[in-house]
Amino acid sequence: MAASILAKTARDRWMIEYSPTEPGYLFEKHKGYPTVEHRRLIGLYGPSKIQRLSFRFDIPS
């Protein structure tokens, strides 16, 4: 359980640091988790360079 918490916090920290690379996606806010906002931004801008394309989710209008 501790390892998964460490992995999540490391990933979240990386997403915050990466965010300036692609500012339109607001990674510093949702950290790439499939929130409504994240899905809306993908619908608006298309997948980011780091988007996992194998993950399927509906993009809200």
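Because the structure is a prediction, the values reported are computed rather than measured. (Residues numbered from 1 in each chain as written. Predicted model: local features only at pLDDT ≥ 70, side-chain atom pairs only at ≥ 80, totals over all residues. Heavy atoms only, no water.)

Q: Requested: an account of the side chain of Ser48, with residues and values cited.
A: As for its placement among the helices and strands, Ser48 is situated in the segment after α3 (36-45). Here Ser48 is in contact with Glu22, Tyr25 and Phe27, once residues within four sequence places are set aside. (Helix = DSSP H or I, 4+ residues; strand = E, 2+ residues; numbered from the N terminus. Contact = heavy atoms within 4.5 Å.)

Q: Tell me about unusual backbone geometry, residues and numbers included.
A: Of note, the phi angle at Leu26 is positive, near 55°, even though the residue is not glycine. Topologically, Leu26 is positioned in the loop between α1 (2-18) and α2 (27-30). In this model, Lys31 sits at a positive phi of 55°, which is unusual for a non-glycine residue. As for its position among the elements, Lys31 is in the loop between α2 and α3.

Q: I'd like a rundown of α3, residues and numbers included.
A: What α3 keeps buried is the set His38, Leu41 and Ile42. The arc enclosing the buried residues of α3, seen along the axis, measures out at 100°, which places them on a common side. Away from its buried face by more than 90 degrees, α3 exposes Val36 and Leu44. In this fold, the buried residues of α3 make contact with α2. Where α3 terminates, the next one or two residues include Gly46, which has phi positive at roughly 85°. (Buried < 20%, exposed > 50% of the residue type's maximum accessible area, 1.4 Å probe, protein only. Arc of directions from axis to C-beta.)

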